[in-house]
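Spelled out, the chains give:
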Amino acid sequence: MQMVHDLGVDIVMLTETRLKPKHNFKIAGFDCYRNDRPVGIGGGVAILVRSDVKHHEVAMPDTECLEAVGVSVIINNSKVLLISAYYPKQGGTFRKDVRKIISTGNRVIVAGDFNARHSMWKCDRANQNGNSLVDILEKREVHVEFPDTHTFHRKGRSSTLDIAICKNTPNILLKAL
């Protein structure tokens with residue numbers, strides 16, 4: 001994680017950490033907040049916040065499938081809730097879980113892997129989660145931020161699965177590495 005220090009990053013949001021409660025995960029100079037998947041393989045989310053940035057952990061609502069951890073920080077003199085999230089499958093309670101998580105604050109950024117494909121964020125095809133997310137976007141005052149390059153590559157196909165759902169957060173710089 002030398003890259004975190006080299007780039008001068010203040011906050012890192014991670015998905016699919018694959019960490020379990022028994023794992024000790026620390027980066028010097030950062031506070032770490034995690035939601036580990038207790039059983040099974042894969043999953044888990046975390047947020048690393050530079051220790052000198054004023055912040056505190058925020059309890060997340062219960063969701064059926066969405067894994068999430070949240071931290072409140074001050075950005076541009078406003079309180080913003082940052083949520084790292086992972087939704088491991090298609091369909092199910094996706095729409096309900098995403099609506100619940102974006103309703104947890106007034107200014108919210110939910111970043112992560114939603115396994116949601118849609119042409120709106122440069123995927124070559126749409127899937128059920130992507131279509132559900134577009135429906136949510138059209139009905140609420142939220143928008144999606146996504147990187148310039150694809151974040152998922154397999155068997156000659158590429159997609160952008162790692163996105164940020166933003167609510168009332170203009171002028172906040174997001175950078176995906």
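Computed from a predicted model, the values in this text were never measured in an experiment. (Residues numbered from 1 in each chain as written. Predicted model: local features only at pLDDT ≥ 70, side-chain atom pairs only at ≥ 80, totals over all residues. Heavy atoms only, no water.)

**Quick look at helix α3 (residues 128-139)**
Phase 1 of the analysis: With 12 residues, α3 extends 17 Å from end C-alpha to end C-alpha; this agrees with the ideal 16 Å at 1.5 Å per step.
Phase 2 of the analysis: Listed in full, the buried residues belonging to α3 are Asn129, Gly130, Ser132, Leu133, Val134, Ile136 and Leu137.
Phase 3 of the analysis: Close packing links the buried residues of α3 with α2 (94-102), β8 (142-145) and β11 (162-167).
Phase 4 of the analysis: The N-cap of α3, judged by a side-chain oxygen 3.3 Å from the amide nitrogen of Asn129 a few residues on, is Asn127. (Helix = DSSP H or I, 4+ residues; strand = E, 2+ residues; numbered from the N terminus. Expected span 1.5 Å × (residues − 1). Buried < 20%, exposed > 50% of the residue type's maximum accessible area, 1.4 Å probe, protein only. Contact = heavy atoms within 4.5 Å. Polar contact = N/O pair within 3.5 Å; in protein donor to acceptor, adjacent residues only side chain to side chain.)

**What about the layout of surface pockets?**
Phase 1 of the analysis: Size it by volume and the second largest pocket reaches roughly 160 Å³.
Phase 2 of the analysis: As for the second largest pocket, its lining consists of Asn35, Asp36, Arg37, Pro38, Met60, Pro61, Asp62, Thr63, Leu66, Glu67, Ala68 and Ile101.
Phase 3 of the analysis: For the lining of the second largest pocket, the per-class residue count stands at six nonpolar, two polar and four charged. (1 Å grid on protein atoms, 1.4 Å probe; cavity = no way out; pocket = protein on both sides within 12 Å on 5 of 7 lines; lining within 4 Å. Points joined across faces, edges and corners; volume = space filled by probe spheres on them. Nonpolar A, V, L, I, M, F, W, Y, C, P; charged D, E, K, R; others polar.)

**Some points on the packing of aromatic side chains**
Phase 1 of the analysis: Evaluated as defined, the whole model comprises one aromatic pair.
Phase 2 of the analysis: Aromatic pair Tyr87 and Phe94: ring centres 5.1 Å apart, planes at 85°, arrangement edge-to-face. Each member of the pair, Tyr87 as well as Phe94, carries the same accessibility label: buried. (Phe/Tyr/Trp six-rings, centres within 6.5 Å; stacked < 30°, edge-to-face > 60°.)

**Thoughts on the pattern of salt bridges**
Phase 1 of the analysis: Scanning the entire structure with this criterion turns up six salt bridges.
Phase 2 of the analysis: Between Arg34 and Asp36 there is a salt bridge, with its nearest N and O atoms 2.6 Å apart.
Phase 3 of the analysis: Among the ionic pairs, Asp52 bridges to Arg50, the shortest N-O distance being 2.5 Å.
Phase 4 of the analysis: Judged by relative accessible area, Arg50 falls into the partly exposed class, the value being 29%. (Salt bridge = Lys/Arg side-chain N within 4 Å of Asp/Glu carboxyl O.)

**What to know about the side chain of Asp36**
Phase 1 of the analysis: With respect to the element layout, Asp36 can be found in the loop between β2 (30-35) and β3 (45-50).
Phase 2 of the analysis: The buried category is assigned to Asp36, whose relative accessible area is 14%.
Phase 3 of the analysis: One polar contact links Asp36 to Arg34, side chain to side chain, over a distance of 2.6 Å.
Phase 4 of the analysis: Dropping the residues within four chain positions of it, Asp36 is found in contact with Leu19, Lys20, Pro21 and Gly44.

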